[in-house]
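Fold and geometry: a report
Spelled out, the chains give:
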Amino acid sequence: MLARQVFFAGLAGATLFAPFARSDEFDFFENEVRPVLAQHCFKCHGAKQQKGGIRLDEPKHLANAGDGAGPLVVPGDPQQSRLIQAVQYTDEPKMPPAGKLPDHAIDALKQWVKKGAPWPVEKARGGTTEDHWAFRPVRAPSVPTVHASDWPVTEIDRFILARLEARKLSPSPTADRRTLIRRITFDLTGLPPTEQEVEAFERDQAPGAYTILVDRLLGSKQFGERWARHWLDVARYADSKGPSANAKIAYPSAYSFRDWAVCAFNVDLPYDQFLVKQIAADHQARVQNHPDLAALGFLTLGRKFEGSEPDIIDDRLDVIFRGTQGLSIGCARCHDHKYDPISIRDYYALYGVFAGAQEKDEVIVTGPEQRLKALAYAAELRARSRDYKRFLEAERKRVFGDHRRKAEQYLMAAQLGGGEPRADATGKRPDGLHQAIVNLYKTLLEGTRTDRHRVMSPWQAFAALKPDEFASKAKPLAARFAANDDEEKPLNPMVAQLFSGKAPVDLMEVARRYGKLFATITRKWEKLIAEADRADRERPTELDSETEDEIRQLIYGPGAPLDDRAAGDIKDRLDSERRAKHDELQKAVQNWTNDPSAPPMARVLDDPDQPAPARVFRRGKPEEPGEEVPRRFLSLLGGSDANPFVDGSGRYELARAIARKDNPLTARVWVNRVWGHLLGRGLVATPSDFGTRSPAPSHPELLDWLAYSLVADGWSTKRLIRKIVLSRTYQQASTDRPEPRANDPANELLWRMNRKRLELEPLRDAMLAASGLLDLTVGGRPVDIADEPNCRRRTLYLAVKRENLPSFFRAFDFANPDLHVPARHETTVPQQALFLLNGPFVAEQARALARRAEQGLPTDDETWVRQAYRAALGRDPSTEDRNQAVAFLAAASTLEAIGPGPTATWRYGIGDWDEAGKSLVSFTPLSHFENEQWQAGSEFPDQAHGYLALRAEGGHPGPNRQQAAVRRWVAPSDGMLTIEGLARHQLPAEAADPKADGIRCLIVSARNGILFEAGVRNREVRTTVAQVGVTKGEFIDFITDPQAGDAFDSFGWKVTLSLVPAGRPREESCFDSAADFRGPDPTSPPLSPREKLAQVLLLCNEFTFVD
Amino acid sequence: MRRKRYPSIATGQFNRRDWLASAGAGFGGLALAAILADRGKAGDGPTPKQSDPRSTHFAPKVKHVIHVFLEGGPSHVDLFDPKPELSRNDGKPIPVPGENRKAPAFGSPFRFARRGQSGLEISDALPLLGDLADDLCVIRSMHSDEAAHETAMLLMNCGNARLARPSVGSWITYGLGREDQNLPEFVVLYDGKPPVKGVENWQAAFLPATCQATAVDTQHRDVSRLLENIHSPFAAAAEQRLQLDLLNDLNRRHAAQRTDDPRLEARIKSFELAYRMQTEATDAFDIAREAVRVRELYGDTPVGRQCLMARRLIERGVRFVQVYNPGWDHHDTLADNLRVQAKGLDRALAGLLTDLKRRDLLAETLVVIGGEFGRTPVADGIFISKKLGRGHNNRGFTTILAGGGVKGGYAHGKTDEFGFQAVEGKVHVHDLHATILQLLGLDHERLTYRYAGRDFRLTDVHGNIVKEILA
């Protein structure tokens, strides 16, 4: 596209460094050259440092060499360019000094110089941002004049028509009333119109009828639900944090943000306020527990990236800037933005606004009467959590004693070992120590029994001294350890320090010194953990100081003395009474959080009292902080170092800077989103990217006119929507017209309406509407679809769990809640069809729709079909529709019910064996599956059929040959079949009851007759059939029947079948009667013919697409 | 399959077969049409200059990939990368400046031997795989930027350690589309518990949702639990056929007024595909249908069953199957635990390679075996009772390739004499990705997708083909 709005300039003398003419040169530079320079050169020869006076990050420096030795780059002549000489390592200096560049990088630099060393420069970066359409101030353009002046009814129509006329195209006629009401109802509420509404609108031909309809829909509660969902895509909304090692992944009160958004659209909260509250409601309201605090969910409900602050802030900046400004500023996290005038300083100026802010849940109150309740709730929750935590701590202390402060005693006890005092039942010893902990110290000492251990080797050395030699040998030992100069055996410096003063007089003193050291580390570490817990951050994984952390690892590592898990879960050490208390306290917390009457909470941000100055992170790495930048807005949009944020974190100022009337992006981005939802495509094709690389708007003047009107109308979203849907442009038919299509195939000029496909939510909601089951309750806690698969609430209210999104959400292109999603994908995959064909939800709607169409009366097929069509599609069936439907009902009711599912390769039944005809006269499926066996009825034995049953490994025949036990196999494809098996009856034979006269085993092919026959009595028989051809669907029956009587005729018969499909010898399939044995597939009652037809209506394209 | 239709009253005498015939392009066109329709929607999408992402850039060497992901970081110095110098220094601090001197060297408790014609050295933890040494291309010089499981997994799977980026399988699916029309083209198999980072490992991110893997928990043996909604609990196939015929008639009349909209047709076809999947997919995922001797070849372990399922899937045209084999994070007790862990894998992999060869599938399949990183040559853990293990090591580790397009019996690159870091023929994760795409006929620099105003690649701005390993 030629509209790429990047400007190139040759600096440092246009004669030297060629400006870009072609975009492939541009790509070459950006992909091949700039990365090499950035990675290998800029560090020493860039903005920060200019070693040797050489600077490579801007073209104007390339002509110099700093030391006067000639130009670094001679455009067109690589061999004369000192840059190339240096990287080729041909001559001194060799650059980069760390090692020669890879060949391809050198080649790229050479090629680039050869081409004249072109260097792209965005003019915008120099501050002339007005060149890009999106950055220019919004001005009201004049409304164009048109020839067909009778067509437009609003200004919008004039903008559209003018462009059409310029291309000699004409708009489409207005859609018929049924189409129109269906379109506008879905667009404004996400639901279909009822059949009564359709009828009334079709009848009402008054000129104002459509306007009245629009106003009714804008006033409905469902309007907010539909439009809030659009916004939730922007806000990457979810009810959980997503995959995380942290157990606390749910956002239990995320729904308050969702409900706030619904309400904001319904009350038509001005869009500027809508944004300000989502970024800084806490600064604006300054009232505790204000309901608007829920708006902060926009910032706080993102993923948590294992607690990494830079990533969390990046996610927040992304959602703000792509969401409201159409700018991706994420690139500037590591380097100046390549295309847009956004610098790394800009990024960190904004980063500073969020740095150090903490999240917390705050109860919100919607009215004075809830206030007391909410505050009481919060207090109670705190109290319950505190009780539980205190109980755990107390119990731990009671069981183990305060072992954290008794390291010296434990060390001594573990070292001395030997005749240990007897512990009581809980493991407590008379000396007050706990045996479990002593054991852990023992393990520690055993594992460190080496003279090389950096922490414990002094202990081991002192402990090895005999008491009588301690006095004489301790001194030199202590001196050696204190000196710590043995390179072979270095000590942890803190341990060496233990022995710097006087030498210990006995081992107990050594223990005391170690105990003190351990206590220091313990205090430090547990403080860090407690801080993290208080702030709801991820816990730290190590201490900053390597020296300290080495000791921490020793005492806290897995299986170490202070590893609480190693000492055992405290609740497992409680007696039953205390255990009950534990469970009660734990439950009290859980019950209180899950209590449906719990007030909603807002996930809010708490700015630090004294925000630290913002710093650039070099290359995006927090461990490389660079220069300080004042917190401020994007320089592109008027922010400057001279004009920094002054109010605390600056978050409120940021919000207001975004919501300013003269911000050129805010209104443009929003009207484009609204336009996109209504017309099927935005005027700008990239709703979240208005940067210099974005495609130009199809109707730039219209975009500005809409943006201007939005602000002039007090940022009213409802008035904006109303304006658009009242235009004739919006009301056009979507019908194809070959002539304009040839001219404008993508319908960019809007010569017709775009046909829209229902997204997941309106599709599911429309099914509930058609079935009459829809529950229109607004707001509240989300419903987990795993608990309630057939939930009748609107889809908006189903829980969105990042880590476990319901599979049909993904299948139907739900917006990935991990990212800000500019627009949904629209895919067509078979998983969608499987959900619609086989899923229980759709079946329930089909059943309800079929029932609803009967309207409580016995109806003939024709009447029923008419009523079903009206309920599902809002129209009467055509003659063709009706005739086909009636024919379908007739055909469906004559179709033999063969039971669901193609999986029944094995079937289990009662066979009537005809001895004369050598064939089965009948096969009656066994109807009951109980106790791992198929049987004839719920009673066993059964009056008529005796002990007849089939089990995985065998079974029992019925009382006579008309009641044989038949295991039936259905060939899944044509092929060559081999059967192996082993049948047995009463083994060992000596123990067999003499009354048993044995059974008979038959293998019978429906096509080829008897394949195998043998009587089996008190023995094992191989039942082998070699190589018999079968055709797809053919039955192979494994029949067992009694001889004269069926007493003691339990049998075992396992068979394996091997089927080699015709022509595909390698694709042998095997079937094992025992392994494949199972009960019935879960079934629901079969759909009646009418229910099947109702399902078809819910599945058809007319239901899913909106003209 | 097709049963008697209800009598058609439609004057157009239209039936399903006519409809499918009239669609012309067949199902291959469907996916493309869906992508094209998708492309127009958000403005994001394939880079305009790229005419058709679904034709390969070069002649492909392989058609399928099976990636056996050894989750946790298997120890290269105990499996694939022998280090005699490490054994000689066992128990002593390692005399390498800059390396961890606090922990002693840990000589491998496993013995290495030259195996096969090629004499490739493989440890005795993997005896059966060792028999197939001549089929293996061992990259001993892998390195990665990330030493934590979470980030290293994402880097290995998606080419980026932190941000939401499409997975390798998604890129391949996007680039090549589907070969088989009855099954999803990208399948992930895990047993019981998804790997660390879960679905992020096979995310489509900004690519169309169809490019995301279908993830299947193989702890279910019952196919109807492996694949949701794959069976109808209400209706027999014949009854659904009748419904679909009526549905097609309705849709045909609806589309007759809207002939210019390819989405309508795409949706009609998706129902037909789903209808067929009900039988085909059931079979594909059902390893109980394999002969006992084949199942024994792979071993009755989770990874054995998964590898067998992977073979059934690629045999039926699935592009990319990823098998997750967890449990390689041996911080302690490595000598015992690694041996047990390797045993199941050894059988599964040897079974897989043998079976693929027997079926002439190995030449058109790339098998990738490896974890997110390797392990340290020095000992890890708290040294309790000498139950030693190893720490994470992202600076040097081994990944194995086998199958079409790569050299067999070949070892590429080297780590230093202890196995700390790759020093010769270094292969970064991005390079591995570039090479996998290359083998599939895709140029990693040209397989791009425009999102948020930028052209994205699997390899970002990195990646060099590892030419030395190509056959």
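Cut-offs used in this document
Residues numbered from 1 in each chain as written. Chains lettered and ligands numbered in written order. Predicted model: local features only at pLDDT ≥ 70, side-chain atom pairs only at ≥ 80, totals over all residues. Heavy atoms only, no water. pLDDT = per-residue confidence, 0-100. Contact = heavy atoms within 4.5 Å. Helix = DSSP H or I, 4+ residues; strand = E, 2+ residues; numbered from the N terminus. Buried < 20%, exposed > 50% of the residue type's maximum accessible area, 1.4 Å probe, protein only. Polar contact = N/O pair within 3.5 Å; in protein donor to acceptor, adjacent residues only side chain to side chain. Salt bridge = Lys/Arg side-chain N within 4 Å of Asp/Glu carboxyl O. Core = buried A, V, L, I, M, F, W, Y, C linked by side-chain atoms within 4.5 Å. Expected span 1.5 Å × (residues − 1). Arc of directions from axis to C-beta. Disulfide = S-S within 2.5 Å. Pairing = 2+ DSSP bridges. Axes fitted to C-alpha atoms, helices over the stretch in contact; angles between N-to-C directions. Buried area = accessible area lost by both parts, 1.4 Å probe. Nonpolar A, V, L, I, M, F, W, Y, C, P; charged D, E, K, R; others polar. Phe/Tyr/Trp six-rings, centres within 6.5 Å; stacked < 30°, edge-to-face > 60°. Lys NZ or Arg CZ within 6 Å of the ring centre and 35° of its normal.

**A word on the confidence of the model for chain A**
Averaged over every residue, the pLDDT of chain A is 86; the share at 70 or more is 92%. For residues 122-128 of chain A, every residue scores under 50 in pLDDT, and the model assigns this stretch 15 contacts once sequence neighbours within four places are set aside.

**Re the side chain of Asp-81 of chain B**
Residue and element names in this part refer to chain B. Along the chain, Asp-81 turns up in the loop between helix H3 (76-79) and helix H4 (84-88). The exposure class assigned to Asp-81 is buried, which follows from its relative accessible area of 3%. At 2.7 Å, the side chain of Asp-81 forms a polar contact with the side chain of Thr-415. Residues within four places of Asp-81 in sequence aside, it is in contact with His-76, Phe-112, Arg-140, Thr-398 and Thr-415.

**Topic: the pattern of salt bridges**
All names here are of chain A. The tally for this structure, following the rule as stated, stands at 102 salt bridges over all chains. With a closest N to O distance of 2.4 Å, Arg-404 and Glu-526 form a salt bridge. Taken together, the residues Arg-404 in the loop between helix H14 (368-400) and helix H15 (407-416) and Glu-526 in helix H20 (residues 507-534) connect sequence positions 122 residues apart. Here Arg-404 falls in the buried class, since its relative accessible area comes to 17%. Between Glu-862 and Arg-882 there is a salt bridge, and its shortest N-O distance comes to 3.6 Å. Residue Glu-862 is found in helix H34 (residues 861-873), and its partner Arg-882 is found in helix H35 (residues 879-894); the two are separated by 20 residues along the sequence.

**Points about the nonpolar core**
A general trend in soluble globular proteins is that nonpolar side chains are found buried together. Judged by nonpolar contacts, the single largest core of 126 residues is most densely connected at Leu-1098 and Phe-1103 of chain A together with Val-68, Leu-136, Phe-285 and Leu-313 of chain B. Looking at this core, the element that brings in the most residues is helix H13 (residues 334-358) of chain B, giving ten residues. Core analysis: the second largest hydrophobic core is formed by 122 residues, Val-262, Ala-281, Leu-296 and Ile-724 of chain A among them.

**Considering helix H23 (residues 576-594) of chain A**
Residues and elements named next belong to chain A. With 19 residues, H23 should reach 27 Å at 1.5 Å per residue; the first-to-last C-alpha distance of 26 Å fits that figure. Taken together, the buried positions of H23 are occupied by His-582, Leu-585, Val-589 and Trp-592. Buried residues along H23 cover an arc of 110° about the axis, so they all sit on one side. Exposed residues pointing more than 90 degrees away from the buried face of H23 are listed as Ser-576, Glu-577, Glu-584 and Asn-594.

**Notes on the state of the cysteines**
Applying the stated criterion across every chain, the model contains zero disulfides over all chains. Not engaged in a disulfide, the cysteine Cys-44 of chain A finds its nearest cysteine sulfur in Cys-41 of chain A; these two sulfurs lie 8.9 Å apart.

**Quick word on the confidence of the model for chain B**
All names here are of chain B. On average, residues of chain B carry a pLDDT of 83, and 84% of them reach 70 or more. In the model, residues 1-53 has pLDDT below 50 throughout and makes 102 contacts with residues more than four positions away in sequence or in other chains. Reported confidences for the modelled complex are a pTM of 0.67 and an ipTM of 0.72.

**Some points on the pairing of strand E9 (residues 374-380) of chain B**
Within a regular beta strand, the side chains point alternately toward one face of the sheet and then the other, so they alternate between its two faces. Residues and elements named next belong to chain B. Within E9, six of the seven residues are buried, which leaves the element mostly enclosed by the surrounding structure. Here four bridges tie E9 to strand E10 (residues 389-393), and the two strands are oriented antiparallel to one another. In the sheet register, Asp-380 faces E10, and the bridge partner there is Gly-389.

**Brief notes about the sheet that holds strand E6 (residues 906-914) of chain A**
All names here are of chain A. In spatial order, the strands read E7-E6-E12-E18-E14-E15; together these six strands make up an open sheet with antiparallel pairing. Sheet topology places strand E7 (919-925) and strand E15 (1009-1016) at the edges, where each strand pairs with a single neighbour. The average angle at which neighbouring strand axes cross in this sheet is 25°, direction not considered. In terms of strand pairing, strand E14 (residues 999-1005) meets strand E18 (residues 1035-1042) through seven bridges, oriented antiparallel. By the bridge assignment for E18, Ser-1005 is matched with Ile-1036.

**Quick word on the interface of chain B and chain A**
By convention, interface size is frequently given as the accessible area that disappears when the constituent parts associate. The interface is formed by 93 residues belonging to chain B together with 104 residues belonging to chain A. In this assembly, chain B packs against chain A so that about 8800 Å² is buried in total across both faces, 55% of it on carbon and sulfur atoms. It is Phe-234, Arg-267 and Arg-289 of chain B that lose the most area in chain B upon contact with chain A, and together they represent 10% of the buried surface on that side. Note that Asp-881 of chain A is salt-bridged to Arg-253 of chain B, the shortest N-O span being 2.5 Å. Summed over the shared surface of chain B and chain A, the number is 22 residue pairs in polar contact (both at pLDDT 80 or more). When residues of the side of chain B that touches chain A are traced back to their parent elements, those giving at least two are helix H2 (26-42), helix H9 (237-256), helix H10 (262-285) and strand E16 (448-451) of chain B. Per element, the largest residue contribution to the side of chain B that touches chain A is 14 residues, and it comes from H9 of chain B. Looking at side-chain class alone, the side of chain B that touches chain A contains 42 nonpolar, 22 polar and 29 charged residues.

**A few points about the packing of aromatic side chains**
The description of two aromatic rings rests on the distance between their centres and on the angle between their planes. Residue and element names in this part refer to chain A. Scanning the entire structure with this criterion turns up 52 aromatic pairs over all chains. On the basis of an interplanar angle of 80° and a centroid distance of 5.7 Å, the ring pair of Trp-231 and Trp-670 is categorised as edge-to-face. You can see Trp-231 sitting in helix H8 (residues 221-234) and its partner Trp-670 sitting in helix H25 (residues 666-679), a full 439 residues away along the chain. On the basis of an interplanar angle of 40° and a centroid distance of 6.2 Å, the ring pair of Trp-906 and Phe-1038 is categorised as tilted. Taken as a pair, Trp-906 in strand E6 and Phe-1038 in strand E18 lie far apart in primary sequence, 132 residues in all. Per residue, the accessibility class of Trp-906 equals that of Phe-1038, and both read buried. Through pairs of rings, three or more aromatic residues link up here, namely Trp-231, Tyr-237, Phe-257, Trp-260, Phe-265, Tyr-271, Phe-274, Phe-298, Trp-670 and Trp-715. One cation-aromatic arrangement involves Arg-480 over Phe-481; the distance from NZ or CZ to the ring centre is 5.2 Å.

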